[in-house]
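Chain by chain, the residues:
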Amino acid sequence: MSNRAVATDAQPAQTDAGSPPPPTGPDRRPVPLARRLALSVWFWPTAFAAVAVGWRLGSPEMWHDELVTIEVATRSTGQIRGMLANVDAVHGAYYLFMHAWTTLFGTGPIAVRLPSALAMTLATACVALAGRRLFDHRTGVAAGFVFALVPTVTRFGQETRSYAFVVLAAAAATLFLLRALERPGLLRWAAYTLAVAGIGLVNVVALTLLVGHGTAVLIHCWRKRAWWSLAWFPLAALGGVALAAPVILRGMKQAGRQISWIPDSSPWTVWEQAYGSVLLAAAVTALATIGLLTHLRRDAVARTVSATLVAVLPVPVILVASTGEINYFFSKYLLFLLPAWAVLAGSGLAVLRRTPLVAAGLVVVAALSVPGQLAMRGEYSHGWYTYPQARAFEPLSYSQAARVIEAGYQPGDGLVVGDVWWWLTEPGVRYYLPADISPRTVFQARTAAQRNELFAADCADPASCLRDEPRLWLVQPTVTDTPMTGLSKKAAAVLGERYQLAQLTHVTGMTVALLQRRG
């Protein structure tokens, strides 16, 4: 599997940093840390990824999925567990982690997005190290940079959602498997077990990676006659799945409710969306093909085939699983494949052999990524998860709506929100309002937390829920001149009877109306 465990012409052993082992004997001199880092396989790609992910980290507008995370994470642990019994169990581990994180660091945009940024940065290091183990130092560096240049890597490294952790768990699992095959040991297989458990805890679909891992183990055992790994691998993989089993089983029961909305799309359309770029999807696929074909003609057939199977085999498995009522072949669910494809693409760039030529190739990849990178860093980019295809919905600016309310707010004002709950209108507006401005949601009978759900319950009798508020702020997640649109007939009737329109403001994708009590 690695250049020591799989290839017949193994190169001299390398450390994880990617440089040759230090000399031994009386003339040995300590290598300065700065030099060791500069020569390591992972340092420069990881540093670049940290800068790329960190750029404008707090700038994009929060969107629905992120608002769900923040709203759930700020509940009590008991309330979170109660909700997970009904919905979103697949995100339970992430919600509990974010609950602890926000308790310590707050809910500001940078604070809540930082964990994903750190996870994607660490994933870059894993990609570089895996590339070196499978091929060589040059491939590892190239693979790390290719991975960091993919627009969705930096995009989901900025999202308050679990996808960056899925990518990290998948990249770490592959790296730990390589290490375990290279020099088997209890601790190395235990690390692999924990990584597999991490995959299962954050994305069940990504467990299809085990199909590729299993075939790679078979190739390794056949090549090296190291049959003990045939026992270690299933034990480690099943152990990881068993640790995540409660989440997996609960998530399977909730799948019909949570992801039945995912539309069918052509495989290549989904592939483009997984990269966030038509150009990068084509470039990485082409480079991976070049790496595969080139190394098949050399003396690295076994590890090349293994790397290819890890990258490719999950795709048909997911497609077959999606032939039923639920479609799992969704761009965000395929992000866990990006590390493996980056390694293959890195091997394609490394074919150029000379460092200046590899660097030039990376510059070309970087140039191809620019349109996607810019599109994914816009103010409303996080809601554009279908990029480079058309938006699924128009951008919504909760922050602009909140500023309208903040500018005109008076004590005693109430809040009314319209349309369906999944626009997260109320949590979105409240997120951007100052802490000292908290108008009561007048038509809300029970909060989402009280219901152990993602959405609140409205009053059956809207008239009974009013408390003589002198003014109401009505927020609709659409641009309209008829702000009562989207309310129930009963709610619209009671508002029309008791209030009159005093102010109407349109912001990006939303309407904010101020209603003044009649008389």
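Residues numbered from 1 in each chain as written. Predicted model: local features only at pLDDT ≥ 70, side-chain atom pairs only at ≥ 80, totals over all residues. Heavy atoms only, no water.

Each helix and strand in the chain was counted, giving 23 helices and seven strands. On C-alpha atoms alone, the chain measures out to a radius of gyration of 26 Å, which is about the 24 Å that the 2.2 N^0.38 rule sets for 519 residues. Expressed along its principal axes, the backbone C-alpha trace of the chain runs to roughly 90 × 50 × 45 Å. Evaluated residue by residue, the chain yields a buried proportion of 54% over its 519 residues. In the chain, of all internal contacts separated by at least 6 residues, the share reaching a separation of at least 24 is 75%. Of the side chains in the chain, 43 bear a positive and 29 a negative charge, and the two mean positions are spaced by 12 Å. (Helix = DSSP H or I, 4+ residues; strand = E, 2+ residues; numbered from the N terminus. Rg over C-alpha atoms; globule rule 2.2 N^0.38 Å. Buried < 20%, exposed > 50% of the residue type's maximum accessible area, 1.4 Å probe, protein only. Contact = heavy atoms within 4.5 Å. Lys, Arg positive; Asp, Glu negative; His and termini not counted. Charge placed at Lys NZ, Arg CZ, Asp CG, Glu CD.)

What follows deals with the pattern of salt bridges. Across all of its chains, the model carries ten salt bridges by this definition. One salt bridge in this structure joins Glu-182 and Arg-188, with 3.7 Å as the shortest N-O distance. With a shortest N-O distance of 3.2 Å, Arg-517 and Asp-468 are connected by a salt bridge. In this pair, Arg-517 sits in strand E7 (residues 510-517) while Asp-468 sits in the loop between helix H22 (462-465) and strand E5 (471-476), placing the two residues 49 residues apart along the sequence. Linked by salt bridges that have partners in common, Arg-133, Glu-182 and Arg-188 make up one network. (Salt bridge = Lys/Arg side-chain N within 4 Å of Asp/Glu carboxyl O.)

The next subject is a nonpolar patch on the surface. A contiguous nonpolar patch, built from Leu-218, Trp-222, Trp-227 and Leu-230 and spanning about 450 Å² of accessible area, is present on the exposed surface. Among the structural elements, Trp-227 can be located in the loop between helix H11 (209-224) and helix H12 (229-258). (Patch = residues over 30% accessible without salt bridge, like charges linked within 9 Å, V, L, I, M, F, W, Y side chains within 5 Å. Areas by Shrake-Rupley, 256 points an atom, 1.4 Å probe, with all protein chains shown as cover.)

All right, on to the confidence of the model for the chain then. When pLDDT is averaged along the chain, the result is 92; 94% of the residues meet or exceed 70. For residues 1-20, every residue scores under 50 in pLDDT, and the model assigns this stretch 59 contacts once sequence neighbours within four places are set aside. (pLDDT = per-residue confidence, 0-100.)

Next up on the list: the sheet that holds E7. Here five strands make up an open sheet; going across it, the order is E2-E1-E5-E7-E6 and the pairing mixed. This sheet does not close on itself; its edge strands, each paired only once, are strand E2 (440-441) and strand E6 (499-507). Relative to E7, E5 runs antiparallel, the two being bridged by six bridges. What sits directly across from Gln-476, in E7, is Thr-511. Here helix H19 (residues 398-408) sits on the sheet and contacts strand E1 (414-417), E5, E6 and E7; the angle it forms with E5, its principal contact strand, is near 170°. Sheet strands in contact with helix H20 (residues 425-432) are E1, E2, E5 and E7, and its direction is about 140° off that of E1. (Pairing = 2+ DSSP bridges. Axes fitted to C-alpha atoms, helices over the stretch in contact; angles between N-to-C directions.)

Take the pairing of E1 next. With two bridges connecting them, E1 and E2 associate as parallel partners. Paired with Gly-414 across the bridge in E2 is Arg-440. In terms of handedness, the path from E1 via H20 over to E2 forms a crossover that is right-handed. (Right-handed = clockwise from strand over helix to strand, strands pointing away.)

Before going further, it helps to examine the packing of helix H14 (residues 278-296) against helix H18 (residues 355-375). Relative orientation of the contacting elements H14 and H18 amounts to 150°, with a least axis distance of 8 Å. With respect to H18, the axis of H14 lies roughly antiparallel. Judged by residue contacts, Leu-279, Leu-280, Ala-283 and Leu-287 of H14 engage Val-365, Leu-368 and Ser-369 from H18. Grouping the constituent residues of the contact of H14 with H18 by class yields six nonpolar, one polar and no charged. (Parallel < 35°, antiparallel > 145°, perpendicular 65-115°, else oblique. Nonpolar A, V, L, I, M, F, W, Y, C, P; charged D, E, K, R; others polar.)

The next subject is the nonpolar core. Among the nonpolar cores identified, the biggest contains 127 residues, and Phe-147 and Tyr-192 are the most heavily contacted of them. A per-element tally of this core places helix H9 (residues 163-182) first, with 15 residues. Residues Cys-459, Leu-472, Leu-487 and Leu-495 belong to the second largest nonpolar core, which totals 15 residues. (Core = buried A, V, L, I, M, F, W, Y, C linked by side-chain atoms within 4.5 Å.)

Let us now look at the side chain of His-64. Mapped onto the secondary structure, His-64 falls in helix H3 (residues 64-73). Polar side-chain contacts of His-64 include one of 3.5 Å to the side chain of Tyr-398. When residues no more than four places from it in sequence are discounted, the contact partners of His-64 are Phe-393, Leu-396, Tyr-398, Trp-422, Trp-423 and Leu-424. (Polar contact = N/O pair within 3.5 Å; in protein donor to acceptor, adjacent residues only side chain to side chain.)

Below, the discussion takes up unusual backbone geometry. Looking along the chain, the bond that leaves Tyr-387 and enters Pro-388 is cis, with omega of 15°. When you line up the elements, Pro-388 lands in the loop between H18 and H19. Phi is positive for Asp-88, which is not a glycine, with a value near 65°. As for its position among the elements, Asp-88 is in the loop between helix H4 (77-84) and helix H5 (92-105). Here the phi dihedral of Asn-452 falls at roughly 55°; this positive angle occurs in a residue that is not glycine. Locating Asn-452 in the fold gives a position in the loop between helix H21 (448-451) and strand E4 (457-458).

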